[in-house]
Amino acid sequence: MQAGEAEEVVVQTGERRKNKRYRIKSGIAALMLADSSLIARIIDISATGLSLVCGQCGMKKNSLLEMDILLLDDIKRPDNDIFFPNVRCTVVATDFFTEHAGYSQQTMTRCSVRFHNEIPLHSYPLHRFARKKPTECLEKSHNG
């Protein structure tokens, strides 16, 4: 760089992911691991991956795994549940934390995984499974 030239700084704002993520209020993933299987709670999901929390499962970054994904709508309406079987994916990040419960402290693992093939989330009304109501529902409730 020459004297007197300004250095260009690029600041990225907003979402860095290309696919919208949906925060899930009730969803589970059944992880088929090499030495065992276990159930994990889904935190959020997109067409290309998801984040989940499970008891210390020993998954490491770049591990390959397969899972069944079940998004639960309502116990009274099981026909509305969404199920994706045998989803192959790669672990892209892991983080350990302690989840405080009233009766114990359990070490948990939060993992982010990337699907090998996109899943067709766009085919489903995911606002039913999300923690927040969609904007149009909020507007209707404010207007009566």
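Residues numbered from 1 in each chain as written. Predicted model: local features only at pLDDT ≥ 70, side-chain atom pairs only at ≥ 80, totals over all residues. Heavy atoms only, no water.

Engineer: Before we move on, can you summarise the overall build of the chain with the specific residues and values?
Structural biologist: In terms of regular secondary structure, the chain is built from one helix and seven strands. The order of helices and strands in the chain, counted from the N terminus, is β-β-β-β-β-β-β-α. For the chain, the residues scored as buried account for 31% of the 144 residues in total. Long-range pairs, those at least 24 residues apart, make up 57% of the contacts in the chain with a sequence separation of at least 6. When the accessible area of the chain is evaluated, it comes to approximately 10100 Å², of which 48% is carbon and sulfur surface. (Helix = DSSP H or I, 4+ residues; strand = E, 2+ residues; numbered from the N terminus. Buried < 20%, exposed > 50% of the residue type's maximum accessible area, 1.4 Å probe, protein only. Contact = heavy atoms within 4.5 Å. Areas by Shrake-Rupley, 256 points an atom, 1.4 Å probe, with all protein chains shown as cover.)

Engineer: Just give me the short version of the pattern of salt bridges, but keep the residues and values in it.
Structural biologist: Using the criterion set out here, one finds one salt bridge in the structure. Residue Asp-44 pairs with Arg-21 through a salt bridge whose shortest N-O separation is 2.9 Å. Here Asp-44, found in strand β3 (residues 37-45), pairs with Arg-21, found in the segment before β1 (22-23); they are 23 residues apart in sequence, far enough to count as distant. Classification of Asp-44 by relative accessible area gives buried; the value is 6%. (Salt bridge = Lys/Arg side-chain N within 4 Å of Asp/Glu carboxyl O.)

Engineer: So what's going on with the pairing of strand β2 (residues 27-32)? Which residues, and what values?
Structural biologist: Where burial is concerned, the two faces of β2 differ: the one with Gly-27, Ala-29 and Leu-31 is buried and the one with Ile-28, Ala-30 and Met-32 is not. Sheet topology note: the β2/β3 ladder contains five bridges and is antiparallel. Paired with Met-32 across the bridge in β3 is Ser-37. (Pairing = 2+ DSSP bridges.)

Engineer: Tell me what's going on with the environment of Met-67, and back it up with residues and numbers.
Structural biologist: Position of Met-67 relative to the elements: it lies in strand β5 (residues 64-71). Of the residues examined, Met-67 reaches a relative accessible area of 0% and is grouped as buried. Taking the C-alpha atoms as reference, Met-67 lies 4.5 Å from Leu-31; in sequence the two are 36 residues apart. In this structure Met-67 touches Ala-29, Ala-30, Leu-31, Met-32, Leu-50, Leu-52, Phe-84, Pro-85, Asn-86, Val-87, Cys-89 and Val-113, once residues within four positions along its chain are discounted.

Engineer: Let's hear about the side chain of Ser-112: which residues, and what values?
Structural biologist: Here Ser-112 shows up in strand β7 (residues 105-115). Of the residues examined, Ser-112 reaches a relative accessible area of 17% and is grouped as buried. There is a polar contact of 3.2 Å between the side chain of Ser-112 and the side chain of Ser-51. Each residue touching Ser-112, except ones within four places of it in the same chain, is listed here: Leu-50, Ser-51, Thr-90, Val-91, Val-92 and Ala-93. (Polar contact = N/O pair within 3.5 Å; in protein donor to acceptor, adjacent residues only side chain to side chain.)

Engineer: Any details on the packing of aromatic side chains? Residues and values, ideally.
Structural biologist: Applying the stated rule across the entire model yields one aromatic pair. Taken together, a centroid distance of 5.8 Å and an interplanar angle of 85° make the contact between Phe-84 and Tyr-124 edge-to-face. Pair noted here: Phe-84 is in strand β6 (residues 82-100) and Tyr-124 is in the loop between β7 and α1 (135-143), with a separation of 40 residues, a long-range link. (Phe/Tyr/Trp six-rings, centres within 6.5 Å; stacked < 30°, edge-to-face > 60°.)

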